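Here is how the chains run, residue by residue.
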Amino acid sequence: MKNILVTGVSKGLGFEIAQVILESDNCVWGVSRTRTGNIEKLLNKYPNSFKWKEFDLKNVQKTNDELFKNFINFDIKLHGYVNNAALAYDDIISNLQLEPLEIMYKVNVFSPMMITKYVIRNMLLHRIKGSIIHISSISVHTGYKGLAMYASTKGALEAFSKNTAREWGIRGICSNCIVAGFMETAMSSSLTQEQKNRIFNRTSLKKATNPKSVAETVNFLLTDKATSITGQNIFVDSGTI
Ligand SMILES: NC(=O)c1ccc[n+]([C@@H]2O[C@H](COP(=O)([O-])OP(=O)(O)OC[C@H]3O[C@@H](n4cnc5c(N)ncnc54)[C@H](OP(=O)(O)O)[C@@H]3O)[C@@H](O)[C@H]2O)c1
């Protein structure tokens, strides 16, 4: 049974990812700010393999104490880390404000980088050839009006992942990004149908990306079948052009 740390498990894609990993008989160490009905469902259904910690990832300085001392201690062997939690501060660049930008960078980039540090230390301690997966966004590669600041956080993760793969491949640790297309979750719920249709028209499949398809791809990267895949951006985006 593998131990996988997954952030943002309370809803959306993170909940799908947690379910797929748990269905594969592995253990999920989930993190989010809210104890939603989804969290209750997983705690009831998987009392032995689903653990949950309430934590706000904007508290970058507390990641070590809260996640690696009070939750996953160093006796637990970590096999994987899925950096899924994120927030989207969307606005046009001429309206950019520093405070929301800083909060977004803390949640989307700084905490995931600090968590990666402790995940790698855990994997080295236990000699685990683990898998690190960051959820990126198609907005990095195509550009969308209003998503410049958000896309820049995901671009930072793509660079960080590629370099993690270079630095730690020697110890068998893999790092990859899943570049997800537009998914119908809370994050995208403010878009009008017209805006959504414009996004769908930019895809080959002419539809939203299915979170389950993204979750299954994440789960594959956590298996021993994927041990030769590292430093990659894997696009699960309905064929966005
Ligand atoms: N939706 C899309 O179209 C789309 C497209 C491409 C990529 N993505 C990426 O896919 C991933 C999942 O997004 P989603 O669409 O599932 O979004 P979502 O429905 O808004 O879910 C976001 C998750 O992150 C958690 N989270 C947010 N801020 C947090 C914080 N400060 N501390 C701890 N947890 C926090 C939320 O939990 P709490 O609110 O309970 O804390 C929630 O579980 C993200 O990385 C996103 O950037 C999304």
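This text follows the structure it describes.
Parameters at a glance
Residues numbered from 1 in each chain as written. Predicted model: local features only at pLDDT ≥ 70, side-chain atom pairs only at ≥ 80, totals over all residues. Near = placed C-beta within 6 Å. Helix = DSSP H or I, 4+ residues; strand = E, 2+ residues; numbered from the N terminus. Nonpolar A, V, L, I, M, F, W, Y, C, P; charged D, E, K, R; others polar. Core = buried A, V, L, I, M, F, W, Y, C linked by C-beta atoms within 7 Å. Buried ≥ 20, exposed ≤ 12 C-beta atoms within 10 Å, placed from the backbone. Contact = placed C-beta atoms within 7 Å. Pairing = 2+ DSSP bridges. Axes fitted to C-alpha atoms, helices over the stretch in contact; angles between N-to-C directions. Arc of directions from axis to C-beta.

Asks: Tell me about the site of the ligand, and name the residues and values.
Replies: Residues in contact with the ligand amount to 28 residues; listed here are only the nearest, G8, G12, R33, T34 and A86. The element best represented in the shell around the ligand is helix 1 (residues 12–23), accounting for 3 residues. In terms of residue class, the shell around the ligand is built from 13 nonpolar, 11 polar and 4 charged.

Asks: Let's hear about the environment of T34: which residues, and what values?
Replies: Here T34 lies in the loop between strand 2 (27–32) and helix 2 (37–45). Distance in space between the C-alpha atoms of T34 and E99 is 22 Å, their sequence separation being 65 residues.

Asks: Lay out the nonpolar core in plain terms, naming residues and giving numbers.
Replies: The nonpolar side chains of soluble globular proteins are, as a tendency, buried together. V6, I17, I178 and V218 are the most contacted members of the largest nonpolar core, which has 60 residues in total. Sorting elements by how many residues they give to this core places helix 4 (residues 98–125) first, with 7 residues. Once you skip the residues sitting within four places of it in the chain, V6 turns out to touch G14, I17, A18, I21, V28, G30, V82 and N84.

Asks: How would you sum up the sheet that holds strand 5 (residues 131–137)? Please name residues and give values.
Replies: Here we have 7 strands laid out as an open sheet, ordered 3-2-1-4-5-6-7, and parallel in their pairing. Edge strands, defined here as strands with exactly one partner in the open sheet, are strand 3 (50–54) and strand 7 (233–236). For this sheet the average axis-to-axis angle between neighbouring strands, irrespective of direction, equals 20°. Across 4 bridges, the pairing between strand 6 (residues 174–180) and strand 7 is parallel. If you follow C177 over to strand 7, its bridge partner there is N233.

Asks: Tell me what's going on with helix 8 (residues 211–221), and back it up with residues and numbers.
Replies: Within the span of helix 8, buried status applies to P211, V214, A215, V218, N219 and L221. Along helix 8, the residues classed as buried sweep out an arc of 160° about the axis, all on the same side. Elements in contact with the buried residues of helix 8: helix 1, strand 4 (80–83), strand 5, strand 6 and strand 7.

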